[in-house]
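Chain and residue survey
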Amino acid sequence: MKWTDTLDIAIELYEKFPEVDPRYVRFTDLHRWVTELTDFDDDPDKSSEKILEAIQMAWIDETE
């Protein structure tokens, strides 16, 4: 997965952290959790606030 795979990342996070409410996740934690995903294969420095927001929004959609 790359940073642009926001929906796939959100699904993985939802499955890995089912008890977490993504509305309250700090971007520093979100960044770390994404880079620690088994299937994640991208440069950790290529993320941005916009990308992290997109992942967070997709994750919120998955929880609803």
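Structure: see above.
Residues numbered from 1 in each chain as written. Predicted model: local features only at pLDDT ≥ 70, side-chain atom pairs only at ≥ 80, totals over all residues. Heavy atoms only, no water.

Considering helix H1 (residues 6-16)
Taken together, the buried positions of H1 are Ile9, Ala10 and Leu13. Along the long axis of H1, the arc covered by the buried residues comes to 100°, so they all point the same way. For H1, the secondary structure elements touched by its buried residues are helix H2 (27-36) and helix H3 (49-63). (Buried < 20%, exposed > 50% of the residue type's maximum accessible area, 1.4 Å probe, protein only. Helix = DSSP H or I, 4+ residues; strand = E, 2+ residues; numbered from the N terminus. Arc of directions from axis to C-beta. Contact = heavy atoms within 4.5 Å.)

Focus: the packing of aromatic side chains
Tallied over the entire structure, the rule returns three aromatic pairs. On the basis of an interplanar angle of 70° and a centroid distance of 4.9 Å, the ring pair of Trp3 and Phe40 is categorised as edge-to-face. With Trp3 in the segment before H1 and Phe40 in the loop between H2 and H3, this pair connects stretches of sequence that are 37 residues apart. By relative accessible area, which is 10% here, Phe40 ends up buried. Geometrically, the ring pair formed by Phe17 and Trp33 is stacked, given 4.3 Å between the ring centres and 25° between the ring planes. (Phe/Tyr/Trp six-rings, centres within 6.5 Å; stacked < 30°, edge-to-face > 60°.)

Geometric values such as these leave the question of function open.
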